[in-house]
Amino acid sequence: MPARTGSVAPAGWGIGLLSGVSRQRVRRFLLTMHLTLGLAVGALLAVTALTGSLLVFYVDIDRMLTPELVLPAGQEAGRNAPVPLDRVVQALREAHPARGGGWRLELPDGPDHPIMARYMKPEETAGKSFAPLMVAVNPYSAEVLSSRFWGRTAMTWVYDLHYLLLAGEGGQLVLALGGIGSLLILASGVYLWWPAAGKWGRALQPRLRSGFVRQVFDIHVLVGVYGLVVLLPLIVTGIVMERPDWVKPVVERLSPMTAPPVLVSAQDGTAVGAAVGAAVGADAALAAALARFPQAEPRWVEVPGQGGGAYHIRLFQTGEPGWRFPKTSVWVNGGDGTVMDVRDPTRWTFGDAFFGWQHPLHNGECFGLCCRILVAVAGLLPAVLLATGTVRWRQKKRTRSARAV
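Residues numbered from 1 in each chain as written. Predicted model: local features only at pLDDT ≥ 70, side-chain atom pairs only at ≥ 80, totals over all residues. Heavy atoms only, no water.

Colleague: Hey, could you run me through the overall build of the protein in this one?
Modeller: Summing up its helical and strand segments, the protein has 13 helices and eight strands in all. Going through the 405 residues of the protein one by one, you find that 45% of them count as buried. Sequence-distant contacts in the protein: of pairs separated by 6 or more residues, those separated by 24 or more amount to 64%. Accessible surface, the protein: about 20700 Å² in total, of which carbon and sulfur atoms supply 63%. (Helix = DSSP H or I, 4+ residues; strand = E, 2+ residues; numbered from the N terminus. Buried < 20%, exposed > 50% of the residue type's maximum accessible area, 1.4 Å probe, protein only. Contact = heavy atoms within 4.5 Å. Areas by Shrake-Rupley, 256 points an atom, 1.4 Å probe, with all protein chains shown as cover.)

Colleague: It is not clear to me how the nonpolar core should be interpreted in this structure. Could you clarify?
Modeller: Taken as a class, soluble globular proteins show a tendency for nonpolar side chains to be buried jointly. Core analysis: the biggest nonpolar cluster contains 31 residues, and Leu105 and Val301 have the highest contact counts within it. Mapped by element, the contributors of at least two residues to this core are α3 (85-95), β1 (103-106), β2 (115-119), β3 (133-137), α9 (282-292), β5 (297-303), β6 (310-316) and β7 (328-333). Excluding residues that lie within four positions of it along the chain, leucine 105 makes contacts with Leu85, Val89, Leu92, Ile115, Met116, Ala117, Arg299, Trp300, Val301 and Val303. (Core = buried A, V, L, I, M, F, W, Y, C linked by side-chain atoms within 4.5 Å.)

Colleague: What am I meant to see in the pairing of strand β4 (residues 144-149) here?
Modeller: Put simply, side chains in a regular strand alternate between the two faces of the sheet. When β3 meets β4, the two strands line up antiparallel, connected through five bridges. If you follow methionine 134 over to β4, its bridge partner there is arginine 148. In this structure, the hairpin formed by β3 and β4 is closed by a connection of six residues, where alanine 142 is found at a positive phi of approximately 65°. (Pairing = 2+ DSSP bridges.)

Colleague: Hey, could you run me through α3 in this one?
Modeller: It helps to recall that an α-helix has 3.6 residues per turn; residues three or four apart then point in one direction. Inspection of α3 places Leu85, Val88, Val89, Ala91 and Leu92 among the buried residues, and these make up the whole buried set. Taken down its axis, α3 places every buried residue within 160° of arc, on the same side. (Arc of directions from axis to C-beta.)

Colleague: What am I meant to see in a nonpolar patch on the surface here?
Modeller: On the surface, a nonpolar cluster with roughly 430 Å² of combined accessible area is contributed by Leu50, Leu369, Ile373, Val377 and Leu380. Turning to its location among the elements, valine 377 is positioned in helix α12 (residues 368-378). (Patch = residues over 30% accessible without salt bridge, like charges linked within 9 Å, V, L, I, M, F, W, Y side chains within 5 Å. Salt bridge = Lys/Arg side-chain N within 4 Å of Asp/Glu carboxyl O.)

Colleague: Could you clarify how one ought to interpret the sheet that holds β2 in this entry?
Modeller: Where strands meet in a sheet, backbone hydrogen bonds hold them as pairs that are either parallel or antiparallel. The antiparallel open sheet is built from eight strands, whose spatial order is β4-β3-β2-β1-β5-β6-β7-β8. Sheet topology places β4 and β8 (339-343) at the edges, where each strand pairs with a single neighbour. This sheet shows a mean twist of 20° between the axes of neighbouring strands, independent of strand direction. (Axes fitted to C-alpha atoms, helices over the stretch in contact; angles between N-to-C directions.)

Colleague: Looking at this structure, I do not really get the pairing of β5. What am I missing?
Modeller: Across the seven residues of β5, five count as buried, placing the element largely inside the fold. As defined by bridge partners, β1 adjoins β5 across four bridges and the pair is classed as antiparallel. In the strand pairing of β5, arginine 104 is matched with glutamate 302. Between β5 and β6, which pair antiparallel in sequence order, lie six residues; one of them, glycine 308, sits at a positive phi of approximately 100°.

Colleague: Honestly, the packing of aromatic side chains in this entry has me stumped. Any pointers?
Modeller: Aromatic ring pairs: the centre-centre distance and the angle between the two ring planes describe each pair. Taken as a whole and assessed by the stated rule, the structure comprises 13 aromatic pairs. Positioned over the ring face of tyrosine 119 is arginine 99, at 5.8 Å from the centre of the ring. (Phe/Tyr/Trp six-rings, centres within 6.5 Å; stacked < 30°, edge-to-face > 60°. Lys NZ or Arg CZ within 6 Å of the ring centre and 35° of its normal.)

Colleague: Explain the pattern of salt bridges to me, please; I cannot follow it from the model alone.
Modeller: Think of it this way: side chains of opposite charge can pair up when their charged atoms draw near. Here the structure, examined in full by the defined rule, presents ten salt bridges. Across the pair glutamate 106 and arginine 299 runs a salt bridge whose closest N-O atoms are separated by 3.7 Å. Of this pair, glutamate 106 sits in strand β1 while arginine 299 is found in strand β5, placing the two residues 193 residues apart along the sequence. The two residues glutamate 106 and arginine 299 agree in class, both being buried.

Colleague: Where do I start with the packing of helix α4 (residues 154-164) against helix α5 (residues 168-193) in this structure?
Modeller: Angle between the axes and distance between the axes: these two values describe a pair of packed helices. Contact geometry of α4 with α5 gives a least axis separation of 7 Å together with a crossing angle of 55°. In terms of orientation, α4 lies oblique with respect to α5. In this structure, α4 contributes His162, Tyr163 and Leu164 to the contact, and α5 contributes Gly168, Gly171, Gln172 and Leu175. Looking at side-chain class alone, the contact of α4 with α5 contains three nonpolar, four polar and no charged residues. (Parallel < 35°, antiparallel > 145°, perpendicular 65-115°, else oblique. Nonpolar A, V, L, I, M, F, W, Y, C, P; charged D, E, K, R; others polar.)

Colleague: For this particular structure, what's the right way to read a positive patch on the surface?
Modeller: Side chains of Arg394, Lys396, Lys397, Arg398 and Arg400 sit close together on the surface and give a patch of like positive charge. Examined against the element boundaries, lysine 396 turns out to sit in helix α13 (residues 381-404). The exposure class assigned to lysine 396 is partly exposed, which follows from its relative accessible area of 30%. (Lys, Arg positive; Asp, Glu negative; His and termini not counted. Charge placed at Lys NZ, Arg CZ, Asp CG, Glu CD.)

Colleague: Which parts of the structure should I look at to understand unusual backbone geometry?
Modeller: Across the chain, the bulk of peptide bonds are trans and the bulk of non-glycine residues have phi less than zero. A positive phi angle is found at alanine 142, which is not glycine, with a value near 65°. You can see alanine 142 is positioned in the loop between β3 and β4. A positive phi angle, near 60°, is found at leucine 166, a position not held by glycine. Considering the arrangement of structural elements, one finds leucine 166 in the loop between α4 and α5. Of the residues examined, leucine 166 reaches a relative accessible area of 46% and is grouped as partly exposed.

Structure, rendered in structure tokens:
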């Protein structure tokens, strides 16, 4: 965001930090950095933001592209009586008898939604860090509607592009570094734009002056300044989710974080995963979890494998920032049905809350549909900034070439 005519840098910027360096040199350096990073990182940011816009409505678009995920209207009469979850688990194991591990069940989001089951580590995608088998099951008949592998559908491919650049952990590192570069672009743009005292009203006025050159400049500045409010938290949360290991040590210095549960059998003190068989069904495990949080809404039921283990029930409580992936958790012993551990977001430490808010802030679900729409629209802004910045750079390049003749 290059400066407007007559603008000045904020008082002290570049003076206290770079004592002895003239403000003109600071501005020239930041302008060069802004331009270089904008051209180098702008395309990466634009692609990430555009794919993020799609992912805000990932489930809805996936259902539009996959008719099997929309239950037919003719089943209205039976929609008040979904089948037990134990029957759903049985149907999954019958459809995939060779898969003896656990299943993660996402419960329906509406009356025409299926249960979305995930088998987290299928042999077919063993070389990937995250590529589960996704199976849709009719919650009213336990009929298996579709089976798809993550990464082989349009929206999961978009997700992998957004989160991994289709390049695994190396892609995560590139995206995190690109996010840091994007923060430098925004910071240098704000410095270059910063208006003089008494000129804030004019600088913030959404207007386009006459002439193509000036209009390109005005669009670039206005999109950058007004979009900063949304783009800044989106970029920061994106960096945190890509590389939590960079941020966690800092957060832990400020606030303790709740440790992951250590699941031990109440009967013999051995790890629950070593138990043989699961005597308690999914419905009983869910009932035990709801007994602890009777006002909560069940969202996920993680069923242990045929070798035994614990159920992990994820519930949504009113006031949680994320609805699809809530943080209220109950672990239930698959052998005797006892509650082994719980996690209650109403008792979060600051550190727990910091990480618990990252994903809901990033996709906008923390403040409802209006915020999701705002995030989706904000995903278009980096492409506008890249386009107008590139045009502005070419305009200046032509001007310098003309002067040199």
